[in-house]
Amino acid sequence: MTFVLGALVLAGIVPTAAGAEAVTTTPISRTGAVCRTMTTPVYQTDNPKSGTSLLTRWESESRLSITRNGFVQDRGRVVRTAVTAVSGTKPVHRLYKSGGINDFRWSLDPAAITKMKTQGYIDQGVNFYGTPTQVDTCQVAVDEYTDATGRHHRIAVRNTALATYLATHAWKRVGTPFWGASMTAVTAPVAAAPAKAPTPTPTPTKAPTPAPTKAPTPSPSPTPTKTPTPTPTPTPSPVVVAPAPIVTPAPVPTATPTVTPTVAPAPAPVPTATPTVAPIVVPVPVPTATPTATPTATPTVTPTATPTATPTPTPTATPTATAAPAPAPAPAAALPVTVAPSAAGLDDSGNSIPDTAYAIPAGAIFMSPQGSDTNVGTSVGAPVRTLNRAIAVVPVGGTIVLRGGTYRDAYTQGGVGTATKIASKAFTLQAYPHEQPWLDGSDTVAASQFVKSGTGWSTPWSTPTFCDGRYYERAPLAQNPDNTGPCAHKDFAVVGAGDTLPSDPQQAFIDGVPQVQVASLSGVRPGTFYYDWSARSLILGTDPVGHRIELSARAQALILGTSSGSVTPWALKGIGVRRYASIANDGLAAGAIYIGGGVTTVENTAFAANSAGALAFSSPQPGTVIRHSIFAWNGNTPVGANGQSRTGRDSDFTISDSVFNHNVWEGLGTSCTVSCAQAAVKLAHMQKFTLTRNLVENGGGTAGGLWCDLLCRNGSYTYNTVRNIGGAGIFHEVSDTGIIAGNVVDGAAVGIQVTSANTKVYQNTLLHIRKDVPIRVYDDNRSMGVNGWNDIGPDTRNVEVKYNVIADSDHMAYAVNPDRTAAAATNTIPAQYFSAFDDNLVVSNAGTNPMFAAWRADDASSAVYYRAGERATFGGRYSGFESRSTWLIGTLDTVLPKVATGDYALATTSAGSRAAGTLPADVAAALGVSATGSRDLGALPRN
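Quick notes on the rules
- Residues numbered from 1 in each chain as written.
- Predicted model: local features only at pLDDT ≥ 70, side-chain atom pairs only at ≥ 80, totals over all residues.
- Heavy atoms only, no water.
- Disulfide = S-S within 2.5 Å.
- Helix = DSSP H or I, 4+ residues; strand = E, 2+ residues; numbered from the N terminus.
- Buried < 20%, exposed > 50% of the residue type's maximum accessible area, 1.4 Å probe, protein only.
- Core = buried A, V, L, I, M, F, W, Y, C linked by side-chain atoms within 4.5 Å.
- Contact = heavy atoms within 4.5 Å.
- Pairing = 2+ DSSP bridges.
- Polar contact = N/O pair within 3.5 Å; in protein donor to acceptor, adjacent residues only side chain to side chain.
- Salt bridge = Lys/Arg side-chain N within 4 Å of Asp/Glu carboxyl O.
- pLDDT = per-residue confidence, 0-100.
- Phe/Tyr/Trp six-rings, centres within 6.5 Å; stacked < 30°, edge-to-face > 60°.
- Lys NZ or Arg CZ within 6 Å of the ring centre and 35° of its normal.
- Axes fitted to C-alpha atoms, helices over the stretch in contact; angles between N-to-C directions.

1. Concerning the state of the cysteines
Then, in step 1: For the structure on display, the rule yields four disulfides.
Then, in step 2: Put simply, Cys-467 and Cys-487 are joined by a disulfide, and their sulfur atoms are 2.0 Å apart. The sign of the S-S torsion, about 110 degrees, decides the handedness of the disulfide formed by Cys-467 and Cys-487: right-handed. Taken together, the positions of Cys-467 in helix α6 (residues 466-469) and Cys-487 in the loop between α6 and β23 (508-510) put the pair 20 residues apart, joining distant regions of the chain. Both residues of the pair, Cys-467 and Cys-487, count as buried.
Then, in step 3: Put simply, Cys-708 and Cys-712 are joined by a disulfide, and their sulfur atoms are 2.0 Å apart. Every disulfide takes its handedness from the sign of the S-S torsion; for Cys-708 and Cys-712 that torsion is -85 degrees, giving left-handed.

2. A few points about the nonpolar core
Then, in step 1: Ranked by size, the top nonpolar core spans 83 residues in total, and within it Ile-400, Leu-615 and Phe-834 carry the most contacts.
Then, in step 2: In contact with Leu-615, not counting residues within four places along its chain, are Ile-593, Ile-595, Val-602, Phe-607, Ile-626, Phe-631, Pro-638, Val-639 and Gly-640.
Then, in step 3: Counting 27 residues, the second largest nonpolar core, distinct from the first, contains Tyr-762, Tyr-904, Leu-919 and Val-923.

3. Some thoughts on the sheet that holds strand β28 (residues 549-552)
Then, in step 1: Pairing is antiparallel across the open sheet formed by four strands, whose spatial order is β20-β28-β23-β24. The open sheet terminates on both sides in strands that have one partner only, identified here as β20 (442-444) and β24 (513-514).
Then, in step 2: In terms of strand pairing, β23 meets β24 through two bridges, oriented antiparallel. Residue Ile-510 lies in a different strand from β24, and its bridge partner there is Val-513.

4. Digging into the side chain of Asn-698
Then, in step 1: Its place among the elements puts Asn-698 in the loop between β43 (695-697) and β44 (704-709).
Then, in step 2: Engagement of the side chain of Asn-698 in a polar contact is seen with the side chain of Asn-661, the distance being 2.8 Å.

5. Thoughts on the pattern of salt bridges
Then, in step 1: If you walk through the whole model with that rule in mind, you get 29 salt bridges.
Then, in step 2: One salt bridge connects Glu-144 with Arg-105, and the closest N-O pair in it is separated by 2.9 Å. Of the two residues, Glu-144 sits in strand β9 (residues 139-146) while Arg-105 sits in strand β7 (residues 103-107), which places them 39 residues apart along the sequence. Assigned by exposure class, Glu-144 and Arg-105 land together as buried.
Then, in step 3: The partner of Asp-859 in a salt bridge is Arg-856, with the nearest N and O atoms 3.7 Å apart.
Then, in step 4: Overall, the relative accessible area of 17% leaves Asp-859 in the buried class.
Then, in step 5: One salt-bridge network, in which partners are shared between bridges, spans Arg-408, Asp-440, Arg-548, Glu-550, Arg-578 and Arg-579.

6. Let's talk about the pairing of strand β39 (residues 653-656)
Then, in step 1: Residues Phe-653 and Ile-655 line one face of β39 and the alternating positions Thr-654 and Ser-656 line the opposite face, and both faces are buried.
Then, in step 2: Both strand β36 (residues 625-627) and β39 contribute to a ladder of three bridges, which runs parallel. Paired with Arg-627 across the two strands is Ser-656, which belongs to β39.
Then, in step 3: In this sheet, strand β42 (residues 687-692) lies alongside β39 in parallel orientation, the contact comprising four bridges. For Ile-655, the partnering residue across the bridge sits in β42 and is Leu-691.

7. A closer look at the confidence of the model for the chain
Then, in step 1: Scored by pLDDT, the chain has a mean of 79; 78% of the residues are at 70 or more.
Then, in step 2: Per-residue pLDDT stays below 50 along residues 1-25; that stretch engages in 50 contacts with residues further than four places along the chain or on separate chains.
Then, in step 3: Note that residues 414-418 has pLDDT below 50 and, in this model, 13 contacts with residues that lie over four places away or in other chains.

8. A closer look at the packing of aromatic side chains
Then, in step 1: Applying the stated criterion across every chain yields a total of 30 aromatic pairs.
Then, in step 2: Taking the centre distance of 6.1 Å and the plane angle of 40 degrees together, the rings of Phe-834 and Trp-855 count as tilted. You can see Phe-834 sitting in strand β55 (residues 834-838) and its partner Trp-855 sitting in strand β57 (residues 851-855), a full 21 residues away along the chain. The pair Phe-834 / Trp-855 is uniform in exposure class, with both members buried.
Then, in step 3: The positively charged end of Arg-154 is found above the aromatic ring belonging to Trp-171, 5.3 Å away from the centroid.
Then, in step 4: Directly above the ring of Trp-707 sits Lys-682, whose terminal nitrogen or CZ lies 4.8 Å from the centroid.

9. Focus: the environment of Gln-621
Then, in step 1: With respect to the helices, strands and loops of the structure, Gln-621 is situated in the loop between β35 (613-618) and β36.
Then, in step 2: Spatially, the C-alpha atom of Gln-621 lies 8.0 Å from that of Thr-600, the residues being 21 residues apart in sequence.
Then, in step 3: Once residues lying within four places of it in the same chain are set aside, the contact partners of Gln-621 are Gly-565, Ser-566, Gly-597, Gly-598, Val-599, Gln-644, Arg-649 and Ser-651.
Then, in step 4: Reaching out from Gln-621, the side chain makes a polar contact with the side chain of Gln-644 at a distance of 3.2 Å.

10. Here we look at the sheet that holds β7
Whether parallel or antiparallel, the strands of a sheet pair through hydrogen bonds between backbone atoms.
Then, in step 1: Strand order in the open sheet formed by three strands is β7-β6-β8, and the pairing between neighbours is antiparallel. Only two strands of the sheet have a single partner each, and these edge strands are β7 and β8 (122-130). Along the sheet, successive strands turn relative to each other by an average axial angle of 25 degrees, direction set aside.
Then, in step 2: As paired elements, strand β6 (residues 90-97) and β7 share five bridges and run antiparallel to each other. Of the residues in β7, the one forming a bridge with Leu-95 is Arg-105.

11. Observations concerning the pairing of strand β47 (residues 728-741)
Then, in step 1: Of all 14 residues in β47, 13 are buried; the element is thus mostly enclosed.
Then, in step 2: As judged from the four bridges shared by β44 and β47, these two strands associate in the parallel manner. Paired with Trp-707 across the strands is Phe-731, a residue of β47.
Then, in step 3: The pairing of strand β45 (residues 713-718) with β47 spans five bridges and is classified as parallel. Residue Ser-716 lies in a different strand from β47, and its bridge partner there is Ile-739.
Then, in step 4: For β47 and strand β49 (residues 750-762), the ladder comprises 10 bridges, and the chain directions are parallel. Counted as the bridge partner of Ala-728 is Val-750 from β49.

Following this line, the structure appears as structure tokens:
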């Protein structure tokens with residue numbers, strides 16, 4: 001936010017004991033003695049949504065308030081105070097009021113403190129020491145302002161731009177809680193702040209969002225072409241509230257739920273005791289930024305140039321690598337390594353649902369688009385029509401059987417506000433045998449409802465229930481700067497390529513074909529539409545006459561929610577979910593179906609053309625599984641899930657045999673800076689998870705493939721195929737104990753990226769990596785306990801990279817680099833990363849003397865680059881790494897001759913055939929193969 005510059009001259013005004021103002025008569029010293037005792041800086045952050053301020057002498061608490069609690073307007077150090085009672089100073093108390101107000105105030109007046117406590121404020125104790133009046137010319141007044149309601153208070157140092165802004169924007173100055181020392185007046189050294197700040201509570205509603213750190217620029221001898229920075233990460237984070245069978249958004253519900261209401265925790269760092277009540281599962285995926293990994297620059301290949309600090313290689317195209325072991329006799333016919341999931345019959349367009357024939361149990365409730373809610377639904381001849389009726393009458397643990405057809409429906413309480421209520425009892429939704437039921441978020445609008453308007457056709461269109469009922473609070477391109485939406489994160493709410501606006505949940509379809517939303521009326525043309533948010537009208541660029549027009553009218557189909565830890569079973573089988581106006585933000589509307597807690601089975605189900613997410617999970621309980629399902633043409637990450645690793649609870653969460661095709665198709669979040677989370681699957685805080693035999697392809701923009709972030713433990717990524725995407729194929733980030741094995745990544749910005757400890761990268765095939773590197777290993781600049789981080793894994797150690805095949809990529813095979821730029825971070829450096837790094841096959845066709853590896857020893861050093869003939873030099877310098885690997889110059893067909901047919905099997909005559917050695921027992925178990933025996937390098941045939 002930009003403030004009007006200027007000064008508001010209010011000098012000479014001080015509060016009386018009662019809080020009124022009077023002209024001071026206290027003699028004022030010019031010695032500066034008082035200011036010299038005030039050596040501790042006070043940091044200020046403001047929350048633009050609530051209008052409140054936070055003052056603190058702890059820098060760590062200030063950072064947490066920015067990253068977790070919405071106090072995103074960072075004022076920095078605004079005044080200096082004392083930490084002990086000296087020179088006539090008095091203790092300044094901090095008081096806090098929750099209950100939806102979330103207001104901070106400060107006072108050194110005992111009577112004022114007592115009065116505020118009677119008004120519901122909690123005295124949090126002494127923050128620092130100041131003076132009640134000005135006693136030295138070097139001091140400045142710290143003034144308090146209130147809004148028109150008198151419920152929210154702001155702080156501003158007198159005669160600053162902020163004070164001017166408040167005085168001219170409907171804020172009234174009501175007193176001066178204390179005086180401190182000017183930031184420019186102190187001549188004594190500044191005392192260090194205490195090492196440990198108070199624990200911010202109530203529980204924050206958002207995960208940390210530190211700004212990406214600036215990477216040192218490597219300076220190798222060849223002219224560098226900087227490798228693109230790895231995509232920052234969003235960070236889902238759950239919130240807990242008082243017990244009740246409901247899932248509620250934070251910080252404050254926008255409408256009274258239809259079940260027992262709860263008050264979400266205040267998004268402010270209030271040092272109070274942690275509640276002992278049982279928590280409730282609440283919103284998933286709060287995307288926030290992961291500090292940017294320090295990239296290793298990729299130099300332009302110059303055959304005769306030798307990188308700095310590297311012994312001069314022989315400048316020839318012939319590698320000097322040690323010959324690979326002689327291959328064992330190959331079988332008569334090698335098994336293919338194919339891209340298709342092992343289960344067949346999936347339509348990757350998302351236009352059809354897998355055929356099913358589930359048994360219909362006794363007592364089932366039947367639904368039909370031709371049914372009536374006057375029926376009880378217990379017979380196939382008298383079905384109900386809506387989810388509202390079906391869920392109301394189905395017994396606990398019962399089954400709802402949906403006949404084929406389109407249900408323009410949602411489980412709702414109706415009206416404006418949070419238009420979807422929470423279903424907390426166990427039940428199954430399943431398709432009638434061999435029929436295709438679609439839950440559809442759109443409504444049909446007759447062509448006659450449109451009138452010619454300029455270059456388009458316009459119709460009135462109002463959607464007050466979008467964005468948890470807050471759609472009309474802020475225009476699509478004016479979302480809250482603190483990332484609270486209401487519809488999108490601030491850096492998603494931008495104009496995309498070609499004047500597009502993918503972050504707005506509005507959607508239009510003509511004859512089933514999605515139309516591209518543009519950000520301006522002037523951009524309307526055939527195949528597009530524009531939504532006039534102020535006039536509440538929608539303008540099509542195609543003449544609607546003679547066409548079927550459908551506009552998204554509902555935010556979500558269903559919310560399932562239960563108490564934290566509950567094993568309530570839900571199942572979705574053989575149904576379709578399409579065209580719902582889910583949002584690119586956290587909260588209940590993050591997915592077309594939102595599931596909080598419980599044990600859920602999703603199988604043979606299709607999710608297509610939802611505005612943002614398709615399935616959003618919070619704290620899924622062990623046994624939750626998604627299998628043999630389709631996710632196509634969804635506008636954002638189709639599956640997001642947030643587990644409970646911070647409490648040590650297993651998720652035992654599985655996604656298998658599913659297809660993810662053309663998601664993030666409009667490039668949502670391509671230019672994001674702090675909210676990046678776009679991928680096919682984005683998990684966080686998952687302890688024990690399995691992603692296996694999935695196909696991820698054609699991701700839009702910078703969308704990645706399979707990604708787990710923030711204290712993920714005991715996860716495995718096996719037998720997946722990721723191809724033609726703009727992000728990282730597989731990313732195990734700031735986590736612990738992962739297995740990445742048997743996968744194919746064909747066409748991505750980064751192949752496999754690891755910033756975690758105890759991670760094994762075995763038997764993968766990576767090719768056509770066109771922007772960055774096939775394998776990147778680094779240590780993120782975060783460390784547990786530093787700058788408030790309490791949900792990340794250990795620093796990068798004990799990483800194993802073996803038996804992989806890398807071919808036909810534009811850059812080097814490996815990039816190994818640290819990022820220790822965070823203050824007080826204790827991160828590892830590359831020499832500490834690996835426990836095994838060998839027995840791989842790398843084939844490059846990028847010039848006559850291509851780069852194969854980059855290694856930067858620490859943040860102060862430039863990267864050292866190793867070329868085709870320097871494998872032995874690389875191994876000799878770095879603990880024997882890659883000493884048995886093969887680095888070759890050649891074409892793709894020399895190692896992977898059948899890629900064009902979808903077969904990634906290694907050629908039987910190539911180096912690497914039957915060259916893989918013994919597998920670690922856990923890797924062999926994850927792959928379902930023997931740890932010993934003859935195997936090719938690279939991806940294996942699926943079992």
